[in-house]
Amino acid sequence: MHTARSIVILTGAGISVESGISTFRDRNGIWAKHDWRDYATPEGYERHPARVLEFYNQRRRALKSVQPNQAHHALARLEGAHKGEFLLVTQNVDDLHESAGSRKLVHMHGELNSALCRACGMRAPWRDDITVNSQCKSCGATGFLRPDVVWFGEMPYQMETIYRALGKAELFIAIGTSGHVYPAAQFVEEARLSGARTIELNLDETENADAFDERITGRATETVPALVDRLLG
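Residues numbered from 1 in each chain as written. Predicted model: local features only at pLDDT ≥ 70, side-chain atom pairs only at ≥ 80, totals over all residues. Heavy atoms only, no water.

Further remarks concern the overall build of the chain. Tallying secondary structure elements over the chain gives 9 helices and 9 strands in all. Relative to its length of 233 residues, the chain is compact, with a C-alpha radius of gyration of 18 Å against a globular reference of 17 Å. Along the longest, intermediate and shortest principal axes, the C-alpha atoms of the chain span 55 × 35 × 30 Å. Counting every position in the chain, which comprises 233 residues, the buried fraction comes to 54%. Contacts spanning at least 24 positions in sequence make up 63% of the contacts within the chain whose residues lie at least 6 apart. For the chain, the exposed surface amounts to about 11,300 Å²; the carbon and sulfur share of it is 47%. (Helix = DSSP H or I, 4+ residues; strand = E, 2+ residues; numbered from the N terminus. Rg over C-alpha atoms; globule rule 2.2 N^0.38 Å. Buried < 20%, exposed > 50% of the residue type's maximum accessible area, 1.4 Å probe, protein only. Contact = heavy atoms within 4.5 Å. Areas by Shrake-Rupley, 256 points an atom, 1.4 Å probe, with all protein chains shown as cover.)

Among all positions of helix H7 (residues 159-168), only Met 159, Ile 162, Ala 165 and Leu 166 are buried. Relative to the axis of H7, the buried residues are bounded by an arc of 130° and lie together on one face. Here the buried face of H7 lies against strand E1 (6-11), strand E2 (85-90), strand E3 (105-107), strand E7 (171-175) and helix H8 (187-193). (Arc of directions from axis to C-beta.)

Further remarks concern the pattern of salt bridges. Counted according to the given criterion, the structure contains 17 salt bridges. Of the charged contacts, one joins Arg 61 and Glu 54 as a salt bridge, the two residues approaching to 3.1 Å between their closest N and O atoms. As a salt-bridge pair, Asp 148 and Arg 123 come within 2.8 Å of each other at their nearest N and O atoms. Within this pair, whereas Asp 148 is found in strand E6 (residues 145-149), its partner Arg 123 is found in strand E5 (residues 123-125), the two being separated by 25 residues in sequence. Three or more residues joined by partner-sharing salt bridges are found here, namely Glu 18, Arg 219 and Glu 222. (Salt bridge = Lys/Arg side-chain N within 4 Å of Asp/Glu carboxyl O.)

Glancing now at the environment of Val 188. Tracing the chain through its elements places Val 188 in helix H8. Distance from Val 188 to Gly 20, taken between C-alpha atoms, is 27 Å for residues 168 residues apart in sequence. If we skip the residues at most four places from it in the chain, Val 188 touches Phe 172, Thr 198, Asn 208, Ala 211 and Phe 212.

A word on the nonpolar core. The tendency in soluble globular proteins is for nonpolar side chains to be buried side by side. If you look at the biggest cluster of nonpolar residues, it comprises 24 residues, and the most contacted ones within it are Tyr 56, Met 122, Ile 130, Leu 145 and Trp 151. Every element with two or more residues in this core is listed here: helix H4 (49-63), strand E4 (110-117) and E6. Top contributing element to this core by residue count: H4, with 5 residues. Ignoring sequence-local partners within four residues, the contact set of Met 122 consists of Ala 115, Leu 116, Cys 117, Cys 136, Lys 137, Ser 138 and Leu 145. (Core = buried A, V, L, I, M, F, W, Y, C linked by side-chain atoms within 4.5 Å.)

Before going further, it helps to spend a moment on the sheet that holds strand E9 (residues 214-217). The 6 strands lie next to each other as E3-E2-E1-E7-E8-E9, forming an open sheet whose pairing is parallel. Strand pairing shows two members of the sheet lacking a second neighbour, E3 and E9, which therefore form its edges. Each adjacent strand pair in this sheet contributes to an overall mean axis angle of 15°, direction not counted. The pairing of strand E8 (residues 197-202) with E9 spans 4 bridges and is parallel. Note on E9: the bridge partner recorded for Asn 202 is Thr 217. Lying on the sheet, helix H5 (residues 70-81) is in contact with E1, E2 and E7; it crosses E2 at an angle near 155°. (Pairing = 2+ DSSP bridges. Axes fitted to C-alpha atoms, helices over the stretch in contact; angles between N-to-C directions.)

Function cannot be read off these values alone, since they describe shape.
Rendered as structure tokens:
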């Protein structure tokens, strides 16, 4: 059994790709086919709101046909067995961690299955399409809804909660992250300042690989369950 009283885990696109969800930054990822300036900035939304909304509608619909994989389930198992403090921070906007049973979870980049009203600030679950005619369930305004995802230039969610957990972490694990999206790429350094042991699991070498005490290379569906087994003894 591991001895870390406080665990913080960061996950990126690499944990969901084996469930059939495309990554953003890989050679064949989403931003290789679409210009992020058009689809993932407030300015892109202002220029072509209907086009941006449909881009996210397609991705939201696609979530209905994907399932969490062994890596998602393993992290939920670790959370359930760990007696100390635990926080799972994901950069992903899919709902696979929740579907696998994770509860102590922060979506730092927002969620596809949530809508944000630019008129009143409402953030609420939303599983249907969002169009330029959609009406806010809170204030009733029409034409102000957008996906509740963090676009380039916007502040990620719940940063205070994340940094508080990193400040107490005794074990920090990064899974399937590219290592060059900030502020997430800096979390390993924050954890090291707290004296945490740091472990990285990834298919490829990352930008900040040297910052980790241990690196495990391989598919998330194989490496994550094996690491959880090891931690739980």
